[in-house]
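# Inside the fold
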Protein chains: 2
Amino acid sequence: MFALDPRLETSSIFLVDLPLCQARLQADVRWSWIVLIPRRNGLRELEDLAPDDLEELMREILSAGRAVRAIGDSAGRPVEKLNVGALGNVVAQLHIHIVGRRSDDPAWPGPVWGFGAPIDYAAEEASAVVALARANLKA
Amino acid sequence: MFALDPRLETSSIFLVDLPLCQARLQADVRWSWIVLIPRRNGLRELEDLAPDDLEELMREILSAGRAVRAIGDSAGRPVEKLNVGALGNVVAQLHIHIVGRRSDDPAWPGPVWGFGAPIDYAAEEASAVVALARANLKA
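All of the points below concern the structure found in this document. Model, not experiment: these values are computed from the prediction. (Residues numbered from 1 in each chain as written. Chains lettered and ligands numbered in written order. Predicted model: local features only at pLDDT ≥ 70, side-chain atom pairs only at ≥ 80, totals over all residues. Heavy atoms only, no water.)

This brings us to the interface of chain A and chain B. Contact with chain A, which involves 29 residues of that partner, is made by 29 residues of chain B. When chain A packs against chain B, close to 2,600 Å² is buried across both sides, 57% of that on carbon and sulfur atoms. For the chain A face of the interface with chain B, the top three residues by lost area are A:Met58, A:Lys81 and A:Asn89, together amounting to 25%. With a closest N to O distance of 3.6 Å, A:Glu45 and B:Arg69 form a salt bridge. Scanning the region where chain A abuts chain B turns up 18 residue pairs in polar contact (both at pLDDT 80 or more). Counting residues per element, the ones that place at least two in the side of chain A that touches chain B are helix H2 (51-74) and strand E4 (81-86) of chain A. Across the side of chain A that touches chain B, the residue classes tally to 16 nonpolar, five polar and eight charged. (Contact = heavy atoms within 4.5 Å. Buried area = accessible area lost by both parts, 1.4 Å probe. Salt bridge = Lys/Arg side-chain N within 4 Å of Asp/Glu carboxyl O. Polar contact = N/O pair within 3.5 Å; in protein donor to acceptor, adjacent residues only side chain to side chain. Helix = DSSP H or I, 4+ residues; strand = E, 2+ residues; numbered from the N terminus. Nonpolar A, V, L, I, M, F, W, Y, C, P; charged D, E, K, R; others polar.)

Backbone torsion omega between A:Trp108 and A:Pro109 reads -5°, so that peptide bond is classified as cis. Within the secondary structure, A:Pro109 sits in the loop between strand E5 (96-101) and helix H3 (123-138).

Tracing the chain through its elements places B:Lys81 in strand E4 (residues 81-86). From its side chain, B:Lys81 meets the backbone oxygen of A:Arg44 in a polar contact 3.3 Å long. In terms of polar contacts, B:Lys81 uses its side chain to reach the side chain of A:Glu45, at 3.1 Å. Apart from the residues within four sequence positions on either side, B:Lys81 is in contact with A:Arg44, A:Glu45, A:Leu87, A:Gly88, A:Asn89, A:Ala92, B:Val99, B:Gly100, B:Arg101 and B:Trp108.

Any link to function would need more than the numbers given here.
What follows is the structure in structure tokens.
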């Protein structure tokens, strides 16, 4: 059974299980931000994935990028640049961030990781964003 | 003809042209760090690449990761975690960073991008690292 690191679980909200990854919404209104976690245990690096899984991962990264753009559009803050990153310095379980950036966002042009403190979604807002992200990830 | 952004050119050293990307060594001794730039003009996002190019990009990212590990090993500083990132907030031309991280490096566990000022390689050291990286990228 797929085990999700508890730190990824508490910092994000379940969206959908894609063929390879679990997609989650980062619980931080400052950015349109989706995290993809390949649903295989024991992965730390991209090289730990089989070639077919790497191809699927790339497809899911593009799909997450479309969903991140949709979230930004719906908030009236269209994404100007996508940031895609697999770091894992804090949580070693392999996960990939897809973050929508704008030149007026608080960390621009620096990276978002480790920048300030996350700001939670209000409950109603979270529901709407989750629904929108799911619709776009499944498309 | 492929045009490289002058900011990428001055911050890094040519290594080799792979089937898709130009591989360059980031001119910063603080980290084992390779940058891949797909040799197509006008690219900004991963989604701008054709599906075949995306597959090749993933192969070249893994290859760059092996070369980054070899650089770390040769310096007696084995890589503990790879960081892979496509940001492009400063230089929009699509480029992918592959960075070797260690828990004793200056920015750990934060991201390297925008952290402090780069420290150039000494000329002799650069030649050795370039030769090692080339050998590993071609393997």
